[in-house]
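Analysis of the macromolecular model
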Amino acid sequence: MTPEQAAALTEYPELQRLIDLRGAGWMFLPTVVDGELVEVHGVRTWPEGWADALRVRYTTDAAGLRNDYTGGVTWQREGTLTEVIDGLLALPAPSDRLAPRLVIARRPLPWTA
């Protein structure tokens with residue numbers, strides 16, 4: 001870990017949760033505007049076309065969802081970074097009999113602007 005990363009984790013310990021997701025196979029894409037990081041998007045794909053997604057604007061502004069293979073949203077949560085990541089990590093794999101399958105929307109519900 002670089003000194004910059006250690007300093008970021010000291011100031012924002014919630015960032016460790018993103019590191020945990022990266023270790024679980026998530027990929028992340030930053031959104032940078034005028035040289036400033038304004039948002040991070042993450043995605044984890046599953047066999048048969050399922051995907052989990054994450055949007056983080058700040059430690060208190062995050063959203064996550066799961067899409068089925070048709071693009072239907074089967075799970076969605078907004079809240080703090082920790083709340084959303086806890087929800088994503090608690091989701092059973094799409095192949096698990098306890099995984100959410102009921103489509104609640106055909107596209108993501110509007111995330112707070």
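Data block above holds the structure.
Below or above, wherever it landed, is the structure these notes cover. Owing to the predicted nature of the structure, the values given are computational and were not obtained by experimental measurement.

With that settled, the discussion passes to the overall build of the chain. In terms of helices and strands, the chain carries 3 helices and 5 strands. For the chain, the sequential pattern of α-helices and β-strands runs α-α-β-β-β-β-β-α. Taken across its 113 residues, the chain has 33% of its residues classed as buried. For the chain, the share of sequence-separated contacts (at least 6 apart) that also reach a separation of at least 24 residues comes to 39%. About 7,100 Å² of surface is accessible on the chain, with carbon and sulfur atoms providing 58% of the total. Distance between charge centroids for the chain: 10 Å, based on 11 positive and 15 negative side chains.

With that out of the way, let us pick up the nonpolar core. Leu 18, Leu 21, Trp 26, Leu 54, Val 56, Ala 62, Trp 75, Leu 81, Val 84, Ile 85, Leu 88 and Leu 91 form the largest nonpolar core, which has 12 residues in total. Within the residue set of this core, elements represented by two or more residues are α2 (15-23), β3 (51-58) and α3 (81-90).

With that settled, consider the packing of aromatic side chains. The tally for this structure, following the rule as stated, stands at 2 aromatic pairs. Residues Tyr 12 and Tyr 58 carry aromatic rings whose centres are separated by 6.2 Å and whose planes lie at 80° to one another, so their mutual orientation is edge-to-face. With a gap of 46 residues between them, Tyr 12 in the loop between α1 (3-11) and α2 and Tyr 58 in strand β3 connect regions that are remote in the sequence. Judged by its relative accessible area of 29%, Tyr 12 falls in the partly exposed class. Under the relative-accessibility criterion, Tyr 58 is labelled partly exposed at 44%.

Moving on to the side chain of Arg 55. One can find Arg 55 in strand β3. Within the local environment of Arg 55, its side chain forms a polar contact with the side chain of Asp 61, the two groups lying 2.9 Å apart.

This part covers the sheet that holds strand β5 (residues 73-79). Pairing in this open sheet of 5 strands is antiparallel, and the strands run β1-β2-β3-β4-β5 from one edge to the other. Single-partner strands in this sheet number two, and they are β1 (27-33) and β5. Looking at each pair of strands side by side, their axes are set apart by 15° on average, direction ignored. Strand direction decides the pairing type here: β1 and strand β2 (residues 36-45), joined by 7 bridges, are antiparallel. By the bridge assignment for β2, Met 27 is matched with Val 43. Running at roughly 155° to β5, α3 makes contact with β2, β3, β4 (61-67) and β5 of the sheet.

Thresholds applied
Residues numbered from 1 in each chain as written. Predicted model: local features only at pLDDT ≥ 70, side-chain atom pairs only at ≥ 80, totals over all residues. Heavy atoms only, no water. Helix = DSSP H or I, 4+ residues; strand = E, 2+ residues; numbered from the N terminus. Buried < 20%, exposed > 50% of the residue type's maximum accessible area, 1.4 Å probe, protein only. Contact = heavy atoms within 4.5 Å. Areas by Shrake-Rupley, 256 points an atom, 1.4 Å probe, with all protein chains shown as cover. Lys, Arg positive; Asp, Glu negative; His and termini not counted. Charge placed at Lys NZ, Arg CZ, Asp CG, Glu CD. Core = buried A, V, L, I, M, F, W, Y, C linked by side-chain atoms within 4.5 Å. Phe/Tyr/Trp six-rings, centres within 6.5 Å; stacked < 30°, edge-to-face > 60°. Polar contact = N/O pair within 3.5 Å; in protein donor to acceptor, adjacent residues only side chain to side chain. Pairing = 2+ DSSP bridges. Axes fitted to C-alpha atoms, helices over the stretch in contact; angles between N-to-C directions.

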